[in-house]
Amino acid sequence: MPSLPVITGLGFVTSIGHDRTTVLRHLRELRHGFESVEFFGNPNLAVKIAGTVKGFFFPTTNWRDWRWPEQFSVDRELIRGLAPHGVYAICAMQQALAEAGLDRNQLRDGSTGLFCASAGSPFMLGSFLDQMNQTRGERGNPMGIVTSIAGTLNFNLAAHYGITGAVCGFVSACSSSSHALGYAMDEIRLGRQQRMLVVGAEDITDVSVLSFSSLRALSNNPDPATASRPFDRRRDGFVGTGGAVALILEDAALARSRGARIQAELIGWGQAGDGHSVAASHPQGAGLREAMRRTLADARVSAGDIAYVNAHATSTPAGDRSEALALKAIFTDQGAHPRISSTKALTGHGLSLAGAMEAAFCTLAISEGFIPGAAHLEEPDPICAGLDLPRTSLDEAPRLVLNNSSGFGGSNVCHVLRRPT
Amino acid sequence: MKPIDASAPSHSATTTEKEERIKHLPADARAAFHRFQHDRNPATLDPVIFAILQDFIPHEPARPFTEMPGTTQLIEELGFDSLAITEVVFFTEDLFGINITNDEIMQVRTLDDLRNFIHRKVAPPPPR
């Protein structure tokens, strides 16, 4: 019988909190993490809101200027190779390891792997390339590459934690950390690793967020209370966020043998491409529909068994519509009516971070016995007719939860999580 | 990329860039650097060199550099790695407007090696 991956530790650095208790309170009470901001110090920009990561400051690309909340420690040897989202990741890892009851020495024997996801750091890369251009190639920060390119997370975390098992980074835009989580499940299911560290993280800087303004993907709504409203008729784009989330996955047998608390089981995952557009989702949500179908099949459950779906819905007009159609095809048309919400209404869209962050929220829902409501939803888009979008969080303990993610190029990934038996 | 133009000048940091670079160093090191810029006396440089080492050393040293023997080894005893040494070299090149080759870096093993090397580089002895 294949090994069963389970989740034994979570760590959060998010717009809605940097510890389990605070994140849980925001999800239960539907309190968002948005603030009014001025990107590039330019009051003329239409985008006014971000899911800020409170207590962290990165005013320049020089780590000597960086600050983080005092409950976290970041080694001097480590920080020189980090981007801002690497600092978030270290802080999230510290929490996750503590929650799982693990110390660093237990990660070094080759039975633990590390899968990460981030888009790299445009903040650090821009500075590095500016210096090279200005000096016509004669100068460059020796740490410039490892702090900035996609892969910076796995380079740094693998070295810092002494990981000698599988190490890899995943780059599929907004489904990146969902891919990392899915393939981490496989490492355990195939018996290649007994434990996997999964980390998704993103910077939140002027350049990381405003890049999406060029695509007209960001909300221009200046009201933090309504700017991110997935599935609402008046939604007008997503709100950017950053941060990091870490999950500790272990073979269930290992977790039980060392007395770790199993928070949720990961019983299936799947993926499918849209085969349609480089940036836009398939208009009927074809890829996401197929990814959900494959995931349910992998988990050996039916649509009617799913109690809660954490939707990818980012609050863009086209993306939410595609997902609503995919959800209706998988659930409503089969007579199934799971609760559905997108927690991006509270956090904003974390890009590469999103899949891991929302898998962690699903884990909280299972382990703490509640379902996060569809925040900020006032006028559901008529396309959502037949979908159960609860306006408030519910004291219902879901047994089976589906987590959806979609990324550029029509890359769709889903997971099924189960309450431990 | 384009064909070689031998007449192109090399990069050197401006005064403003140098001030920006030393802003994280302690006040006594900044003052020493300003004195050196005025009198070009290498004897004034040690506080600057030690401050640069302190700024890039991967692990906090057990005692100040000023209390260590000059024979203290940068890698084996102080825990510098190749990346940190490269950072020190690049910083030093920019600050003093000098060029340090990889072969020269390989010769520097101790605190005294580094001090003597930078002293020679920034104020070479007059030709005989």
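Residues numbered from 1 in each chain as written. Chains lettered and ligands numbered in written order. Predicted model: local features only at pLDDT ≥ 70, side-chain atom pairs only at ≥ 80, totals over all residues. Heavy atoms only, no water.

Trainee: Please set out the pattern of salt bridges residue by residue, giving values where relevant.
Mentor: Applying the stated rule across the entire model yields 31 salt bridges over all chains. The salt bridge involving Arg-234 of chain A is made with Glu-379 of chain A; its shortest N-O contact spans 3.7 Å. Of the two residues, Arg-234 of chain A is situated in the loop between helix 8 (206–210) and strand 7 (243–251) and Glu-379 of chain A in the loop between helix 13 (354–368) and strand 11 (400–407); the sequence distance between them amounts to 145 residues. A salt bridge links Asp-94 of chain B to Arg-21 of chain B, with the shortest nitrogen-to-oxygen separation between them at 3.2 Å. Of the two residues, Asp-94 of chain B is situated in helix 4 (residues 82–96) and Arg-21 of chain B in helix 1 (residues 15–22); the sequence distance between them amounts to 73 residues. Taking relative accessible area as the criterion, Arg-21 of chain B reaches 24% and is therefore assigned partly exposed. (Salt bridge = Lys/Arg side-chain N within 4 Å of Asp/Glu carboxyl O. Helix = DSSP H or I, 4+ residues; strand = E, 2+ residues; numbered from the N terminus. Buried < 20%, exposed > 50% of the residue type's maximum accessible area, 1.4 Å probe, protein only.)

Trainee: Hey, could you go over helix 2 (residues 27–39) of chain B for me, with residue numbers and the actual values?
Mentor: All names here are of chain B. Look at helix 2: 18 Å from first C-alpha to last across 13 residues, which is about the 18 Å you get at 1.5 Å a residue. Those residues of helix 2 that fall on the buried side of the exposure criterion are Ala-29, Ala-32, Phe-33 and Phe-36. Down the axis of helix 2, the smallest arc covering the buried residues is 100 degrees, so these residues share one side. For helix 2, exposure combined with an orientation more than 90 degrees from the buried face picks out Ala-27 and His-38. Buried residues belonging to helix 2 abut helix 1, helix 3 (46–56), helix 4 and helix 6 (111–122). Positioned one or two residues after helix 2, Arg-40 has a phi angle of 55 degrees, which is positive. (Expected span 1.5 Å × (residues − 1). Arc of directions from axis to C-beta. Contact = heavy atoms within 4.5 Å.)

Trainee: I'd love a proper account of the sheet that holds strand 5 (residues 167–170) of chain A, names of residues and values included.
Mentor: Residue and element names in this part refer to chain A. Pairing within the open sheet is mixed, and its 10 strands lie in the order 5-4-6-7-1-8-12-11-9-10. Strands at the two margins of the open sheet, each flanked by one partner only, are strand 5 and strand 10 (339–341). Here the strands of the sheet are splayed against their neighbours by 25 degrees on average, with no regard to which way each runs. The pairing of strand 4 (residues 112–117) with strand 5 spans four bridges and is parallel. Within strand 5, the residue paired with Leu-114 across the bridge is Val-167. Most of the contacts of helix 6 (residues 152–161) go to strand 4, to which it runs at about 155 degrees, and overall it touches strand 4, strand 5 and strand 6 (195–202). (Pairing = 2+ DSSP bridges. Axes fitted to C-alpha atoms, helices over the stretch in contact; angles between N-to-C directions.)

Trainee: Lay out the interface of chain A and chain B in plain terms, naming residues and giving numbers.
Mentor: Facing 17 residues of chain A, the contacting portion of chain B comprises 24 residues. Carbon and sulfur atoms supply 41% of the area that chain A and chain B bury against each other, a total of about 1,700 Å² over both sides. Contact with chain B buries surface across chain A, with Arg-64, Arg-76 and Arg-139 of chain A losing the most and accounting together for 38% of the total. Between chain A and chain B we count five salt bridges in total. For Glu-60 of chain B, the salt bridge is made with Arg-76 of chain A, and the minimal N-O distance between the two is 3.6 Å. If you look at where chain A meets chain B, you find nine residue pairs in polar contact (both at pLDDT 80 or more). Among the elements of the structure, helix 2 (76–79) and helix 4 (122–134) of chain A are those that each provide at least two residues to the side of chain A that touches chain B. Split into classes, the residues belonging to the side of chain A that touches chain B amount to three nonpolar, six polar and eight charged. (Buried area = accessible area lost by both parts, 1.4 Å probe. Polar contact = N/O pair within 3.5 Å; in protein donor to acceptor, adjacent residues only side chain to side chain. Nonpolar A, V, L, I, M, F, W, Y, C, P; charged D, E, K, R; others polar.)

Trainee: So what's going on with the packing of aromatic side chains? Residues and values would help.
Mentor: By the definition in use, this model includes 15 aromatic pairs over all chains. Their ring planes at 20 degrees and their centres at 6.5 Å tell us that Phe-56 of chain A and Phe-58 of chain A sit as a pair that is stacked. According to the relative accessible area criterion, Phe-58 of chain A is buried, its value standing at 15%. Taken together, a centroid distance of 5.5 Å and an interplanar angle of 65 degrees make the contact between Phe-56 of chain B and Phe-91 of chain B edge-to-face. Placement of the pair is Phe-56 of chain B in helix 3 and Phe-91 of chain B in helix 4, with a sequence separation of 35 residues. For Phe-91 of chain B, a relative accessible area of 12% translates into the label buried. Every member of this aromatic cluster is reached through a ring pair, and the members are Phe-56, Phe-58, Trp-66, Phe-72 and Tyr-88 of chain A. Sitting over the face of the ring of Phe-56 of chain B, Arg-64 of chain A holds its NZ or CZ atom 4.8 Å from the ring centroid. (Phe/Tyr/Trp six-rings, centres within 6.5 Å; stacked < 30°, edge-to-face > 60°. Lys NZ or Arg CZ within 6 Å of the ring centre and 35° of its normal.)

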